[in-house]
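# Observations on the three-dimensional arrangement
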Amino acid sequence: MNAAHEPKPVLEVSDLCVAYGKVEALHKVSLRIREGEIVTVIGPNGAGKTTLLSALMGLLPYRGEVAYVGHNLDAHVEVEERVGQGLTLVPEKRELFAEMSVEDNLLLGAFHRYRSGLRDHAQTMEEVFALFPRLKERRTQAAGTLSGGERQMLAMGRALMAKPKLLMLDEPSLGLAPLIIKEIFRIVAELKQTGVSILLVEQNARAALQVADYGYVLETGEVSLEGPSHELADDPRVIETYLGLGGKKTA
Amino acid sequence: MDLQILLLLGQDGLTNGAIYALLALALVLVFAVTRVIFLPQGEFVAYGALTLAAIQAGKLPGTVWLAVILGIAVVLIDGGLALKSGNLKRLPRIVLGNLGLPLVLLGLISGLEAEALAALALPLQILLTLGIVVPLGPLLYRLVFQPIAEASSLVLLIVAVALHMTLIGLGLVFFGAEGFRTQPFSDGALEIGPLLLQHQTLWILFASAALIAVLYVLFERTVYGKALRATALNRTGARLMGISTTMAGKLSLGLAAFIGALSGVLVSPMTTLYYDSGFLIGLKGFVGAIIGGLASYPVAALGAVLVGLLESYSSFYASAFKEVIVFTLIIPVLVWRSLTSHHVEEEEE
C-alpha cells in the first residue's frame, strides 16, 4: 500500500529446510512478512504448511536462516524463548486446556508476560473479550465443552493474550461451518488494525487470499508461486488448482 | 469387638493415611506434569526425618553436602551452556538459584556449635530441614530427568528406580544404619470421650489438612499453579504459551520434595525411621495414587486414607499379613481400572 516508506520486515526466512529423518518436508523455503501485514501460505494437504509453522515456532529443528525483527533466530532457540520475543502460534489442533475454564485458558496465554513481571492480563483479557464477545459469555465454562468455532476463537484469543508481534495461524478454518469461517476471517482482518503481523496458513485459499496482503503457494515442500494476494487470486494456475469450483481438489 | 480398640485403630489408620495421602498427591502431581512414576518420593520422607534428627543431635546432616554438590553440578552444566551461547546475564541467576540456599545453610549449620544447633527452637530446626531437602527436588530434576524429558514413560520409570536406589545408598552413607526418632512438636494428649489423642497425631492431621488446602488454592487460584495443571493437561499447548516444561518439572519436584520432607518431619516423632524406611511409606502413598488412577487428586487422597485404615486394622487382626493385605489391594484396583480405563482414553483425544 505505502511503497514510499516500506514497513520493516518482521520475519525474513531464507532457504529454510526441515527434514523428518531422511525425508525432507521443506526445501529451501523463503518468505517475508512485514510489519502489520497479513501473509498467507496456501497449498494442498501434505505440502508442508504445518511443518513450516512448527519449525518457525521452534517445535522442529531446521536449517536455513530465520531473521525475526532484525536478529537471527537460531534453531536452538526454545519455544518458550520465542514466545517471550513475541512469536505466537495457534496450532491446527488448537491445543486448548480442555478441563480448564475459558478464563483460565486466556490467563495462561499471558503466562510468559506474567512471569516477566508484566501483569496487565486483566486489561488484555477485556480487549480479547471485545474481539470475541462469545468468549465472555462462556468465560466460566470448561474449554472442552465449547463448540468448534468457539474453540478456534479461544485458541486465537489465548494467543493474543501474549500480545504477539507475529501471530501464526494454522488452518483456522479447519472443520468449521461456512458461517463461522466467515466470522473467523472477519476477525483476522480486524486484528490487522491492532498492528500485529499475521502469518496465515490455509487450505481454504479463497478466504485466505481475500484477507491477506501477500501470498505464497507451497507445494510438496517448495514455494511454487508467490505474489500480492489479489494477483494470486487472478492467476490462472491458482484458480485452476485452488479456487476452481471444487471438482479439481484432489487432497 | 471392643469399641475402644476400634477407635484407636481408626485413629492410627487416619494418622498414617493422612501422610500417605500427602505422598499420593505428590506422586499424582509429579506423574501428571513429568510422566515420571516418582519412586524416590519416599526417600524425601526419610531424608526429611533423618536430617531433622541429625540437627537435633547437633550434627551436620550429610544431605547439606548432597545439596551443595548437586548445586555445583547444575551450576557447571547450566553455567557452561550459558557461557557457550554467550548469555552471560543469566550466570548470576544460575549460581544463586541453584547454589545459594545450600551454601548459606551449609555455612549456617557448620558455623553453629553442636549444642547451639541441638538447642535451636523446633520451628527453626524444621525450617532448616526443609531448606536442605526441598532444593534437592529441582536439582535432581535438572540433573536426572530434564535430559531425558522426552523419553518414554518406561525409560523414565527405570531411571526413577535407579535414582531411588542411589538415594537409599546415599542415605545409608549420610545417616548410618541405625534408626532415629525426633522430638514431638508438643507433648501431651487430648482426651475426647474414650479416645486419647497424642498431640503429634493432631499435628499430623492438622498439617495434612492445611497442606491439602494450600495445594488446592495453589492449583485453583495462582497463575503458576494453573500453569502446572496446564502442562499436565496439554504439554504442547503449555509450551506454546511459554510455560517451559523444564520449569514445570522443577516446580513439581520441588513440591514433591517439600511434601515428602514435611511428611518425614511429621511422622518422625511417632515412629523410628531408618535410611530405607521411606520406601515402604512411599509405596503406600503409591497404592493410593494408583487408586486415583495417577490422575485424580481427591480419589488418590481418599485411596491413601483407605490404605492407612486398612493397614491399621490388618495390623491388629492379622499382623503378619499387614503389608500383604495392603499391597494386595492394588490387584483388584488395577483390574477395575483396566476394565474402566478404555472410556477414559477415548475422552482424552
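None of these values were measured; they are calculated from a predicted model. (Residues numbered from 1 in each chain as written. Chains lettered and ligands numbered in written order. Predicted model: local features only at pLDDT ≥ 70, side-chain atom pairs only at ≥ 80, totals over all residues. Heavy atoms only, no water.)

### Thoughts on the overall build of chain A
To be explicit about the condition: By definition, any uninterrupted DSSP run of H or I lasting at least four residues is a helix, any uninterrupted run of E lasting at least two residues is a strand, and each is numbered from the N terminus. All radius of gyration figures rest on C-alpha atoms, and the globule criterion is 2.2 Å times the number of residues raised to 0.38. The buried label goes to any residue with under 20% of its type's maximum accessible area, the exposed label to any with over 50%, and the partly exposed label to all in between, with areas taken from a 1.4 Å probe on protein chains only. Contact criterion: two residues are considered in contact whenever any of their non-hydrogen atoms come within 4.5 Å of each other.
Helix and strand counts for chain A stand at 11 helices and 10 strands. Relative to its length of 251 residues, chain A is compact, with a C-alpha radius of gyration of 18 Å against a globular reference of 18 Å. For chain A, the C-alpha atoms occupy an extent of roughly 45 × 45 × 40 Å along the three principal directions. Out of the 251 residues belonging to chain A, those deemed buried represent 51%. Long-range pairs, those at least 24 residues apart, make up 67% of the contacts in chain A with a sequence separation of at least 6.

### Re the overall build of chain B
What counts, and what does not: Each accessible area is a Shrake-Rupley estimate made with a 1.4 Å probe; only the visible protein chains count as cover when residues are assessed. Under the convention used here, Asp and Glu are negative, Lys and Arg are positive, and both His and the chain ends fall outside the count. Charge placement uses NZ in Lys and CZ in Arg. For Asp and Glu, CG and CD serve respectively.
Along its length, chain B carries 16 helices and two strands. Its C-alpha radius of gyration of 21 Å places chain B within 12% of the 20 Å reference for a compact globule of 349 residues. In terms of principal-axis extent, the alpha carbons of chain B reach across some 75 × 60 × 35 Å. Counting every position in chain B, which comprises 349 residues, the buried fraction comes to 48%. In chain B, once contacts between residues fewer than 6 apart in sequence are set aside, the share between residues at least 24 apart is 76%. On chain B, roughly 15800 Å² of surface is accessible, and the fraction owed to carbon and sulfur atoms is 70%. Separation of charge centres in chain B, based on 17 positive and 19 negative side chains, amounts to 14 Å.

### A look at the sheet that holds strand β8 (residues 197–202) of chain A
All names here are of chain A. For clarity, the threshold we go by: Two strands are said to pair when DSSP picks up at least two bridges between them. Axis lines are fitted through C-alpha atoms, for helices just across the contact stretch, and the angle between N-to-C directions can take any value from 0 to 180 degrees.
Strand order in the open sheet made by the six strands is β6-β7-β8-β3-β9-β10, with mixed pairing throughout. Two strands in the sheet have a free side with no partner beyond their single neighbour: β6 (87–90) and β10 (222–228). Across this sheet, the average inter-strand angle for adjacent strands is 15°, counted without regard to direction. Relative to strand β7 (residues 166–170), β6 is paired through four bridges, and the arrangement is parallel. In the sheet register, Thr88 faces β7, and the bridge partner there is Leu167. Sheet strands in contact with helix α1 (residues 49–57) are β3 (38–42), β6, β7, β8 and β9 (214–219), and its direction is about 150° off that of β7. Contacting β3, β7 and β8, helix α8 (residues 178–192) crosses the sheet at an angle of about 155° to β8.

### Considerations on the confidence of the model for chain A
Threshold: Known as pLDDT, the predictor's per-residue confidence is scaled from 0 to 100.
When pLDDT is averaged along chain A, the result is 90, and 95% of the positions lie at 70 or above. Low pLDDT (under 50) marks residues 246–251 of chain A, which in the prediction has three contacts with non-local residues, meaning those over four places away or in another chain.

### A word on the packing of helix α10 (residues 223–233) of chain B against helix α12 (residues 245–267) of chain B
Helix-helix packing: each pair is described by the crossing angle between the helix axes and the interaxial distance. Residues and elements named next belong to chain B. To be explicit about the condition: Reported orientations rely on four angle classes, namely roughly parallel under 35 degrees, roughly antiparallel over 145, roughly perpendicular from 65 to 115, and oblique for the rest. All residues other than Ala, Val, Leu, Ile, Met, Phe, Trp, Tyr, Cys, Pro, Asp, Glu, Lys and Arg, Gly among them, are scored as polar; the first ten of these are nonpolar and the last four charged.
Put simply, α10 and α12 touch, their axes get as near as 10 Å, and they point 110° apart. In terms of orientation, α10 and α12 fall into the roughly perpendicular class. From α10, Tyr224, Leu228 and Thr231 reach across to α12, where they touch Met247, Ala248, Leu251, Ser252 and Leu255. Tallied by class, the residues present in the contact of α10 with α12 amount to six nonpolar, two polar and no charged.

### Section: helix α7 (residues 136–145) of chain B
Here α7(B) lies mainly inside the structure; seven of its 10 residues are buried. Taken residue by residue, α7(B) has B:Leu136, B:Gly137, B:Leu139, B:Leu140, B:Tyr141, B:Arg142 and B:Phe145 as its buried positions.

### Section: the packing of aromatic side chains
Our working rule: Classification of ring pairs rests on two measures: the distance between centres of Phe, Tyr or Trp rings, Trp counted by its six-membered ring, which must be within 6.5 Å, and the angle between planes, read as stacked under 30 degrees, edge-to-face over 60 and tilted in between.
Taken as a whole and assessed by the stated rule, the structure comprises 12 aromatic pairs over all chains. Between B:Phe316 and B:Tyr317, the aromatic rings sit 4.9 Å apart at their centres with planes inclined by 90°, giving edge-to-face as the arrangement. Residue classification places B:Phe316 among the partly exposed positions, given a relative accessible area of 43%. Ring-pair connections join several aromatic residues into one group, and the members of that group are A:Phe111, A:Tyr114 and B:Tyr224.

### Description of the environment of B:Ser152
Here B:Ser152 shows up in the loop between α7 and α8 (153–175). Sequence-wise, B:Ser152 and B:Val36 are 116 residues apart; in three dimensions their C-alpha atoms are separated by 9.4 Å.

### Regarding the sheet that holds strand β2 (residues 23–34) of chain A
Residues and elements named next belong to chain A. If you trace the four strands from one edge of the open sheet to the other, you get β2-β1-β4-β5, paired in antiparallel fashion. Edge positions in the sheet fall to β2 and β5 (71–72), since each of these pairs with one other strand and no more. In this structure, strand β1 (residues 9–20) lies alongside strand β4 (residues 63–68), joined through five bridges in antiparallel fashion. Its bridge partner lying in β4, Ser14 is registered against Glu65.

### Re empty space enclosed by the protein
All names here are of chain B. As a reminder of what qualifies: Only protein atoms enter the calculation, which uses a 1 Å grid: trapped sets of points that fit a 1.4 Å probe without letting it out are cavities, open sets showing protein on both sides within 12 Å along at least five of seven lines are pockets, and any residue with an atom within 4 Å of a point is a lining residue. Grid points are joined across faces, edges and corners, and a volume is the space filled by probe spheres set on the points.
Taken as a whole, this structure holds two cavities of 30 Å³ or more when the rule is applied. Its volume calculated, the largest cavity comes out at about 70 Å³. Examining the composition of the lining of the largest cavity, we find that five residues originate from one element, helix α13 (residues 277–291), more than from any other. Here the lining of the largest cavity is built from residues that sort into seven nonpolar, three polar and no charged. Volume-wise, the second largest cavity comes out at about 40 Å³. Residue lining of the second largest cavity: Thr34, Val36, Tyr141, Phe145, Ala149, Leu156, Arg235 and Thr245, and that is the complete set. Taken together, the residues of the lining of the second largest cavity break down into five nonpolar, two polar and one charged.

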